[in-house]
Amino acid sequence: MTDDPPFNPALLPAGFVDRLPPEAEAEAAGVETLMRVFAAHGYDRVTPPLLEFEETLLSGSGAAIAEQTFRLMDPDTRRMMALRPDMTPQIARIAATRLPDVPRPLRLAYAGPCILMDSNRGDGERQISQAGVELIGPDQPEADAEIVAIAAECLATLGVQGVSFDLTMPSLTTALVDAGRFDGHVRGMLMRALDRKDAAAVARHGGELAPVLIRLLHAAGPAHGALAELAAVDLPPVVRAHSVRLAATVAAIEARVPGIRLTVDPVEFRGWQYHTGVCVSVYAAGQREELGRGGRYLSNNDEPACGLTLRPDIILRAAPPLPCRTRVFLPWGTSPEVGAALRAGGYATVSALGDEGDAGAEARRLSCMLVVVDGQPVPVDGI
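Keep in mind that this is a model prediction, so the values were computed, not measured.

Points about the overall build of the protein chain
Helix and strand content of the protein chain: 13 helices and 16 strands. Expressed along its principal axes, the backbone C-alpha trace of the protein chain runs to roughly 85 × 65 × 50 Å. Across the 383 residues that make up the protein chain, the buried fraction comes to 48%. Long-range pairs, those at least 24 residues apart, make up 64% of the contacts in the protein chain with a sequence separation of at least 6. Each charge class in the protein chain can be summarised by its mean position, and for the 35 positive and 48 negative side chains these summaries are 3 Å apart.

Structure below.
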């Protein structure tokens, strides 16, 4: 005898779900819409594998994703392998090892699933979808602006409303804290306080830098106001260089996408830790989760790069529903030419597999809005 509950074949591990109709089809259609926008801007699609050897996936910029990576052993080679939690390090590897001689700027696009050790985005999912672009070679504000402009076009194409792009510069915060020469323990407490936006804790641990840091904490908001506050603060030259680059990127984005909604948080530094410059998170009105994020980093051979990864599954929660194909029932004996013409016209045809008798009843049972009568589709409710 056993006290174990009976096995449920529908039970899945926590964080993994089945995508059912019509959600699965909508997500696939959304991904292809994104990929068409990417391709229209000259981004060539690559498809890296879901699984790589651990030392390959987690080298270079991939070291930052080690804590989110599932590992398993290859039974053939006895080497450890890893499931990707993020595709950007794979694109960096491809650019450095497979496409090193392709002229720069190198523009690559990708889409596929990723597996997280645990959900760090609040949606509870551990298998997520990604679709994104990487621009490898140039290190200039105009490159950063291009990826933001493409993301804005993608979201507009899918009808997402109330989109905003939140720009940060993690290297600015790091450089500013480094200038304070804090010991390891105090530095850790200060960084945690900044991460939590805890002004009181920043005041306790920030020493002489506390007034500047608190001022920058309160500066977060619409881009021009935040940049004006940042420009008014007395910063060391190495830190000022980061703020100048941030301001130049804002100007380049606004020149390319007039009217875009931009916010700036001068002391935000969360995200994948491989980012080295301006970073961006994408939000939409009424949505708690990020629609995407990205930023500037170094490719595997220390080549400058920037990119932005979108989350199609989350985007589709913020977008109006994509139109579904109208289903047409083809009664037994319908000419194949009739079905082919309907499919060419954008319909989805459902063929009878035998003489069903009442074609209207069968069409309703199979969720068809139309049924072919005398070679023409007519509403099911009209017969």
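Some remarks on the sheet that holds strand β10 (residues 275-284)
Strand order in the open sheet formed by nine strands is β1-β5-β6-β12-β11-β10-β7-β9-β8, and the pairing between neighbours is mixed. In the strand order of this sheet, the two ends are held by β1 (44-45) and β8 (221-222), each with one partner. Summarising the sheet, strand β7 (residues 163-168) and strand β9 (residues 262-265) pair through four bridges and their orientation is parallel. Bridged to Leu167 within β9 is Val264. Lying on the sheet, helix α4 (residues 141-157) is in contact with β5 (106-115), β6 (127-136), β7, β10, β11 (292-298) and β12 (304-310); it crosses β12 at an angle near 15 degrees.

Observations concerning the packing of aromatic side chains
Tallying each qualifying case throughout the model produces zero aromatic pairs. The aromatic ring of Phe53 is capped on one face by Arg79, whose charged end is 3.7 Å from the ring centroid.

Quick look at the pairing of strand β16 (residues 376-379)
Here four bridges tie strand β15 (residues 370-373) to β16, and the two strands are oriented antiparallel to one another. Residue Val371 lies in a different strand from β16, and its bridge partner there is Val378. Between the end of β15 and the start of β16, which pair antiparallel, lie two residues, with Asp374 showing a positive phi angle near 55 degrees.

Some thoughts on the side chain of Thr69
On the secondary structure map, Thr69 appears in the loop between α2 (54-57) and β3 (70-73). Thr69 sits in the buried class, given a relative accessible area of 1%. Polar contacts involving the side chain of Thr69 include one to the main-chain carbonyl oxygen of Ile65, which spans 2.7 Å. Sequence-distant contacts of Thr69, that is, excluding residues within four places in its chain, are made with Leu57, Leu58, Ala82, Leu83, Pro85 and Met117.

So, empty space enclosed by the protein
Following the criterion strictly, the structure yields two cavities of 30 Å³ or more and no others. In terms of lining, the second largest cavity is formed by Asp144, Ile147, Val148, Leu167, Thr249, Ile253, Val278, Val280, Gly295 and Cys306. If you list the elements that add at least two residues to the lining of the second largest cavity, you get α4, α10 (237-256) and β10. When grouped by side-chain class, the residues that make up the lining of the second largest cavity number seven nonpolar, two polar and one charged.

A word on the nonpolar core
Judged by nonpolar contacts, the single largest core of 72 residues is most densely connected at Phe38, Val160, Phe165 and Leu194. Of all the elements, α4 adds the most residues to this core, at ten residues. Within the second largest apolar cluster, 20 residues are counted, among which are Val46, Ile65, Ala82 and Tyr297.

A few points about the pattern of salt bridges
What the rule picks out here adds up to 25 salt bridges. With a closest N to O distance of 3.6 Å, Arg296 and Asp139 form a salt bridge. Of this pair, Arg296 sits in strand β11 while Asp139 sits in the loop between β6 and α4, placing them 157 residues apart in sequence. A residue is classified by how much of its surface remains accessible, and Arg296, at 5% relative accessible area, is buried. Salt-bridge contacts for Arg311 lead to Asp313; the nearest nitrogen and oxygen are separated by 2.9 Å. Look at Arg311 and you get buried, because its relative accessible area is 1%. Given the relative accessible area of 6%, Asp313 is considered buried. Bridged by salt links that share partners, the residues Arg19, Glu23, Glu27, Glu125, Arg288, Glu289, Arg311, Asp313 and Arg317 form one connected network.

A closer look at the sheet that holds β15
Here four strands make up an open sheet; going across it, the order is β14-β13-β15-β16 and the pairing mixed. The sheet is open, and its two edges are formed by β14 (348-351) and β16, each paired on a single side. With strand direction ignored, the average angle separating the axes of adjacent strands in the sheet is 35 degrees. Direction of pairing for strand β13 (residues 327-330) relative to β14: parallel, over a ladder of four bridges. In the sheet register, Leu330 faces β14, and the bridge partner there is Ser351.

Description of the pairing of β7
Taking burial as the measure, the six residues of β7 include six buried ones, the bulk of the element. For β7 and β10, the ladder comprises six bridges, and the chain directions are antiparallel. Paired with Asp166 across the two strands is Ser281, which belongs to β10.

Things to note about α4
Here α4 contains 17 residues, and its C-alpha end-to-end distance of 24 Å stays within 8% of the 24 Å for a straight helix at 1.5 Å per residue. Of all 17 residues in α4, 13 are buried; the element is thus mostly enclosed. Following α4 by one or two positions, Gly159 has its phi on the positive side, about 80 degrees.

Thresholds, definitions, all that
- Residues numbered from 1 in each chain as written.
- Predicted model: local features only at pLDDT ≥ 70, side-chain atom pairs only at ≥ 80, totals over all residues.
- Heavy atoms only, no water.
- Helix = DSSP H or I, 4+ residues; strand = E, 2+ residues; numbered from the N terminus.
- Buried < 20%, exposed > 50% of the residue type's maximum accessible area, 1.4 Å probe, protein only.
- Contact = heavy atoms within 4.5 Å.
- Lys, Arg positive; Asp, Glu negative; His and termini not counted.
- Charge placed at Lys NZ, Arg CZ, Asp CG, Glu CD.
- Pairing = 2+ DSSP bridges.
- Axes fitted to C-alpha atoms, helices over the stretch in contact; angles between N-to-C directions.
- Phe/Tyr/Trp six-rings, centres within 6.5 Å; stacked < 30°, edge-to-face > 60°.
- Lys NZ or Arg CZ within 6 Å of the ring centre and 35° of its normal.
- Polar contact = N/O pair within 3.5 Å; in protein donor to acceptor, adjacent residues only side chain to side chain.
- 1 Å grid on protein atoms, 1.4 Å probe; cavity = no way out; pocket = protein on both sides within 12 Å on 5 of 7 lines; lining within 4 Å.
- Points joined across faces, edges and corners; volume = space filled by probe spheres on them.
- Nonpolar A, V, L, I, M, F, W, Y, C, P; charged D, E, K, R; others polar.
- Core = buried A, V, L, I, M, F, W, Y, C linked by side-chain atoms within 4.5 Å.
- Salt bridge = Lys/Arg side-chain N within 4 Å of Asp/Glu carboxyl O.
- Expected span 1.5 Å × (residues − 1).

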